[in-house]
Amino acid sequence: MDVDEDLIPTGGLTKLGEDFFTEGGKLVKDLNPEGFDNFFMGDNTDMSLMVTIYHPPSGQKLEVWSDQVGFQMFTGPGNGDYYQQGIALEASGAVDATNFPNFPSITLQPGETRTQTTIYKFFG
């Protein structure tokens, strides 16, 4: 999802290749040295694999499955001893969807209920 310099959604979408996170076996922190605070949106609302994170030295892998349209990825900015030592992946409806008719609706009408399912699978 495209954002402005203040990380506010603009309503635009930039298509990323399927290998965005794995191109050349790069580490997440090397893809964006400034850190991530981005929403990645797909077009699927059925349960599906959203993202896989793999750490070759340890053999650990994380898969995130969800019935949501996208996920927020946050690695944290800054520098110092703990620079990008963690990652947060949060599946959800499209960020700021109420302001952009081209995004799937997240509006909940009176009397409606909504559920979401996210599964985190750890390997290694």
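Residues numbered from 1 in each chain as written. Predicted model: local features only at pLDDT ≥ 70, side-chain atom pairs only at ≥ 80, totals over all residues. Heavy atoms only, no water.

Considerations on the overall build of the protein chain
Part 1 of the argument: A tally of regular secondary structure across the protein chain gives one helix and six strands.
Part 2 of the argument: Considering only contacts in the protein chain between residues 6 or more positions apart, those separated by 24 or more positions represent 56%.
Part 3 of the argument: Total accessible area on the protein chain is roughly 8400 Å²; 51% of this is exposed by carbon and sulfur atoms. (Helix = DSSP H or I, 4+ residues; strand = E, 2+ residues; numbered from the N terminus. Contact = heavy atoms within 4.5 Å. Areas by Shrake-Rupley, 256 points an atom, 1.4 Å probe, with all protein chains shown as cover.)

Some details on the packing of aromatic side chains
Part 1 of the argument: Summed over all chains, the structure comprises two aromatic pairs.
Part 2 of the argument: Pairing F100 with F103 gives two aromatic rings, centres 5.3 Å apart and planes at 50 degrees, and the pair type is tilted. No difference in accessibility class separates F100 from F103, as the two residues are buried.
Part 3 of the argument: It is K61 that lies over the ring of F123; its NZ or CZ is 4.9 Å from the centre.
Part 4 of the argument: Here K121 stacks its cationic end above the ring of W65, 4.8 Å away from the centre of that ring. (Phe/Tyr/Trp six-rings, centres within 6.5 Å; stacked < 30°, edge-to-face > 60°. Buried < 20%, exposed > 50% of the residue type's maximum accessible area, 1.4 Å probe, protein only. Lys NZ or Arg CZ within 6 Å of the ring centre and 35° of its normal.)

Let's talk about the sheet that holds strand β4 (residues 70-74)
Part 1 of the argument: The strand order across the open sheet formed by three strands is β1-β4-β5, and the pairing between neighbours is antiparallel. What marks the edges here is a single partner per strand, and that holds for β1 (37-41) and β5 (88-92). Sheet twist, expressed as the mean angle between neighbouring strand axes with direction ignored, is 20 degrees.
Part 2 of the argument: As paired elements, β1 and β4 share five bridges and run antiparallel to each other. Opposite F39, over in β4, you have Q72 as the bridge partner. (Pairing = 2+ DSSP bridges. Axes fitted to C-alpha atoms, helices over the stretch in contact; angles between N-to-C directions.)

With respect to unusual backbone geometry
Part 1 of the argument: Unusually for a residue other than glycine, D96 sits at a positive phi of about 65 degrees.
Part 2 of the argument: Within the fold, D96 resides in the loop between β5 and β6 (118-123).
Part 3 of the argument: Owing to a relative accessible area of 24%, D96 belongs among the partly exposed residues under this scheme.

Some thoughts on the side chain of E63
Part 1 of the argument: Tracing the backbone through its elements, the reader meets E63 in strand β3 (residues 60-66).
Part 2 of the argument: Looking at E63, the relative accessible area reads 12%, which means it is buried.
Part 3 of the argument: In this structure the side chain of E63 is engaged in a polar contact, spanning 2.9 Å, whose partner is the side chain of W65.
Part 4 of the argument: The contacts of E63, once residues within four sequence positions are left out, are L49, V51, T52, I119, Y120, K121 and F123. (Polar contact = N/O pair within 3.5 Å; in protein donor to acceptor, adjacent residues only side chain to side chain.)

Some thoughts on the pattern of salt bridges
Any two side chains of opposite charge can pair, given that their charged atoms come close.
Part 1 of the argument: Following the criterion strictly, the structure yields one salt bridge and no others.
Part 2 of the argument: A salt bridge links E63 to K61; the shortest N-O distance between them is 3.5 Å. (Salt bridge = Lys/Arg side-chain N within 4 Å of Asp/Glu carboxyl O.)

Here we look at the sheet that holds β6
Part 1 of the argument: Reading across from one edge, β2-β3-β6 is the order of the three strands in this open sheet, with antiparallel pairing throughout. Only two strands of the sheet have a single partner each, and these edge strands are β2 (48-55) and β6. Sheet twist, expressed as the average angle between the axes of neighbouring strands with direction ignored, equals 15 degrees.
Part 2 of the argument: Inspection of the sheet shows β2 paired to β3 by seven bridges, in the antiparallel sense. Paired with I53 across the two strands is L62, which belongs to β3.

Honestly, that's just the spatial picture; any functional story needs more than this.
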